[in-house]
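# Commentary on secondary and tertiary structure
The chain contents come next:
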Amino acid sequence: MKNYFNKYNVINVTAFIWIVSFILERLSLFLFFQMNLESFYYFVVFIWILRLITVSAFSVLLITIGIDFISRSADSDSFINGIKSYLATRKIRRYCTHINVEPTLEESSRYMNTKQVIVKKVNRSLKALTVTYYKDFAVLNGRLPSNNESADIIEKLFPKIKKELNYLDKNYQFNDIIRDPEGKNFSSVAKCNIGEVYPIKNNDG
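Rules of the game
- Residues numbered from 1 in each chain as written.
- Predicted model: local features only at pLDDT ≥ 70, side-chain atom pairs only at ≥ 80, totals over all residues.
- Heavy atoms only, no water.
- Helix = DSSP H or I, 4+ residues; strand = E, 2+ residues; numbered from the N terminus.
- Buried < 20%, exposed > 50% of the residue type's maximum accessible area, 1.4 Å probe, protein only.
- Areas by Shrake-Rupley, 256 points an atom, 1.4 Å probe, with all protein chains shown as cover.
- Salt bridge = Lys/Arg side-chain N within 4 Å of Asp/Glu carboxyl O.
- Core = buried A, V, L, I, M, F, W, Y, C linked by side-chain atoms within 4.5 Å.
- Contact = heavy atoms within 4.5 Å.
- Polar contact = N/O pair within 3.5 Å; in protein donor to acceptor, adjacent residues only side chain to side chain.
- Phe/Tyr/Trp six-rings, centres within 6.5 Å; stacked < 30°, edge-to-face > 60°.
- Lys NZ or Arg CZ within 6 Å of the ring centre and 35° of its normal.
- Patch = residues over 30% accessible without salt bridge, like charges linked within 9 Å, V, L, I, M, F, W, Y side chains within 5 Å.

All right, on to the overall build of the protein chain then. Within the protein chain, the regular secondary structure consists of 6 helices and 5 strands. From first element to last, N terminus to C terminus, the protein chain shows the α and β order α-α-α-α-β-β-α-α-β-β-β. Of all 205 residues assigned to the protein chain, the portion counted as buried reaches 35%. Accessible surface, the protein chain as shown: approximately 13700 Å² in total, 62% of it carbon and sulfur.

Tallied over the full model, the rule gives 8 salt bridges. One salt bridge in this structure joins Glu-25 and Arg-51, with 2.7 Å as the shortest N-O distance. Of this pair, Glu-25 sits in helix 1 (residues 7-34) while Arg-51 is found in helix 2 (residues 40-74), placing the two residues 26 residues apart along the sequence. Given the relative accessible area of 28%, Arg-51 is considered partly exposed. Of the charged contacts, one joins Asp-169 and Lys-84 as a salt bridge, the two residues approaching to 2.9 Å between their closest N and O atoms. Remark: Lys-84 occurs in helix 3 (residues 79-96) and Asp-169 occurs in the loop between helix 6 (158-168) and strand 3 (172-174); sequence separation between them is 85 residues.

Time to look at the nonpolar core. If you look at the biggest cluster of nonpolar residues, it comprises 23 residues, and the most contacted ones within it are Val-131, Leu-140, Ile-161 and Phe-174. Among the elements of the structure, helix 3, strand 1 (130-133), strand 2 (137-143), helix 5 (148-156), helix 6, strand 3 and strand 5 (185-192) are those that each provide at least two residues to this core. In this structure, Val-131 is in contact with Tyr-8, Ser-85, Ala-88, Thr-89, Ile-92, Val-139, Leu-140, Leu-165 and Phe-174, ignoring residues within four places of it in sequence.

This part takes up the side chain of Ser-21. Following the sequence through the fold, Ser-21 ends up in helix 1. Here Ile-17 takes part through its backbone oxygen, which lies 2.6 Å from a polar atom of the side chain of Ser-21. In terms of polar contacts, Ser-21 uses its side chain to reach the side chain of Thr-54, at 2.9 Å. Ignoring anything within four residues of it in the chain, the contact list for Ser-21 reads Leu-50, Ile-53 and Thr-54.

This structure, assessed with the given rule, holds 6 aromatic pairs. A cation over an aromatic ring shows up here: Arg-51 above the ring of Trp-48, its NZ or CZ 4.9 Å from the ring centre. The ring of Tyr-133 has Lys-84 lying over it, and the distance from NZ or CZ to the ring centre is 4.8 Å.

This part covers a nonpolar patch on the surface. Together, Val-13, Phe-16, Ile-17, Val-20, Leu-24, Tyr-41, Tyr-42, Val-45, Ile-49 and Ile-53 line one region of the surface with nonpolar side chains, adding up to about 950 Å² of accessible area. Of all the elements in the fold, those that place two or more residues in the nonpolar patch are helix 1 and helix 2. Residue classification places Tyr-41 among the exposed positions, given a relative accessible area of 57%.

This is the structure:
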């Protein structure tokens, strides 16, 4: 799970929880005033629990965004690069996502089950993929799935991922994506057309 713990996933999860809990809380409050409920106490407790979840999720969301804003301000970087990083990460993850297809008559159910497991591991591994822009450089980090079949699918996408990243922002030109020879991590560094590129230390996940 530690490979999937990054600010992009925190933002996605907390934003989803916040929206869902807020909608449920509003709906529950509406029903509370429209219906004559005998279990008054339990319904009120349920509404307050939803409110607590809503406030907690929103607080975590704001803290995560705030930490990124403060860290970028300390490095004299623009918060716009933080927004661009989130959007680029989302786009690249969607670009790499594989969709399960319906089996043909020639394909056995056993083959399809195996294929679906491989695809699921590919898609799950994309939660570790991040793109982070700074004013002078950008970094792509990711981690291959544990099984070889799923890892091969991701590795075959490396050239296409690089091309897509360079297309997203032509001011940042990414190098070839390189896999860590001693692990499952992979990364690429982009040089900004304006400014210098600082050395990046590749952290092993």
